[in-house]
Amino acid sequence: MDPATVNYAYVKGWGPGAIGFIISLWMSGVTAGQMTFYLKTFVNDRRDIKAAVILVFVLDMFHTYCSCGLFWQLLITCRYNTIQQCLILPWDIVAGIFLSSTISFIVQWFYAYRVWIISDKNWKLTGTVLVISLGQYGLGIATMVTTARSRSALVFFTCPYEIPYAVASMVCDVIISGSCLFYLRPGRTGVKRASTHMQHLIVVSLQMGVLTSVVAIVWLLLYVIQATRFWTGFASAILCKTNVNSMLAVLNARKSMRSQLKDHVTIEPTIIPMTVVSESEPSV
């Protein structure tokens, strides 16, 4: 087969990934905006929380940089180039896999801490989230190693670790969202009807995992239907972005919830752990 035809088919196969990359650039802008709001609003957050948020943000920016390098080579440098080197994946994608897995791992451990607070230190539930997230991280590292050894797009997109990775992500997010909904439901807290700020708290808690769960489900479906086109590139390009934005959205939601709690408190302070909805203690 003509090398130009082979190269064109290869570049065309990255189409879904390019669409996901464009969306991820928009999501990176949203992340920057949320990060700016967080730093301005919650200057008195505990140092460990601020350090975790800043670390996730920096890793996400490096992930965006690696994604830009990957698609620059694929869509610009190698679009009409027939050299064999263009069929070899750059190291940007290996770094991107590592960064994406690390970001998801940190965010899920952050949510596990929230579950620990809301569930009144239910170690079994929290431990389940931690174990699943650790297993997901291991699958991500295994995918990275496999890709680094082959430097092949076909090996990367048909890697057997992709399905369990997506399943682990979905299960972890469902457990997090479900546990928050269970422990914050009105009947459990002794309130027959949820107040406005209680409803807000439930909605924010569900936002922890709904979006990332949907992305993981889409990833699974695309893995099944993809053939010569790398359909899973779409989901893999935006999964870590949804994690970062979800984490920042939950933290920033404390601003409006604190205002509601100050204006009209209708439930006892002991019902909901205030560390979930209020500003953290000032740094020491």
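Just so you know, the residues in each chain are numbered from 1, in the order the chain's sequence is written. With the structure being a predicted model, the display of local features is reserved for residues of pLDDT at least 70 and the display and counting of side-chain atom pairs for 80 or more, all residues being used for whole-chain, interface and lining totals. Computation of side-chain values covers all heavy atoms of the structure but excludes hydrogens and water.

## Let's talk about the pattern of salt bridges
And then number 1: The rule for a salt bridge is simple: a side-chain nitrogen of Lys or Arg has to be within 4 Å of a carboxyl oxygen of Asp or Glu. What the rule picks out here adds up to two salt bridges.
And then number 2: We note a salt bridge from Arg 46 to Asp 48, for which the minimum N-O separation is 2.6 Å.
And then number 3: On the basis of relative accessible area, Arg 46 is assigned to the partly exposed category, the value being 27%.
And then number 4: In this structure, the salt-bridge partner of Asp 60 is Lys 241, at a minimum N-O distance of 3.0 Å. Taken together, the residues span a long stretch of sequence, with Asp 60 in helix H3 (residues 47-77) and Lys 241 in helix H11 (residues 232-252) at a distance of 181 residues. Exposed residues in this analysis have more than 50% of their type's maximum accessible area, buried residues have under 20%, and partly exposed residues fall in between, with area computed by a 1.4 Å probe over protein chains only. The helix and strand labels rest on DSSP assignments: H or I over at least four residues marks a helix, E over at least two residues marks a strand, and numbering proceeds from the N terminus.

## Describing a nonpolar patch on the surface
And then number 1: Patch construction takes residues with relative accessible area above 30% that form no salt bridge. Like charges are linked within 9 Å, and nonpolar side chains (Val, Leu, Ile, Met, Phe, Trp, Tyr) are linked within 5 Å. Using a 1.4 Å probe, the Shrake-Rupley method yields the accessible areas, and only the shown protein chains count as cover for residues. Taken together, the side chains of Ile 19, Ile 23, Trp 26 and Val 30 define a hydrophobic patch exposed on the protein surface, amounting to about 380 Å² of accessible area.
And then number 2: The residue Val 30 is located in helix H2 (residues 15-41) in this model.

## Let's talk about the packing of aromatic side chains
And then number 1: Stacked, edge-to-face and tilted are the three classes for Phe, Tyr and Trp ring pairs, Trp counted by its six-membered ring, which pair at centre distances within 6.5 Å; planes under 30 degrees apart are stacked, over 60 edge-to-face, the rest tilted. What the rule picks out here adds up to five aromatic pairs.
And then number 2: Plain terms: the ring middles of Tyr 38 and Phe 42 are 5.7 Å apart, the flat faces sit at 35° to each other, and that makes the pair tilted.
And then number 3: When its relative accessible area of 0% is taken as the criterion, Tyr 38 is described as buried.
And then number 4: Each residue in the set Phe 105, Trp 109 and Tyr 137 is aromatic and connected to the rest through ring pairs, giving one cluster.
And then number 5: Definition used: whenever NZ (Lys) or CZ (Arg) falls within 6 Å of the ring centre and also within 35 degrees of the ring normal, the charge is taken to sit over that ring. When the ring centre of Trp 91 is taken as reference, the NZ or CZ atom of Arg 151 above it lies at 4.3 Å.

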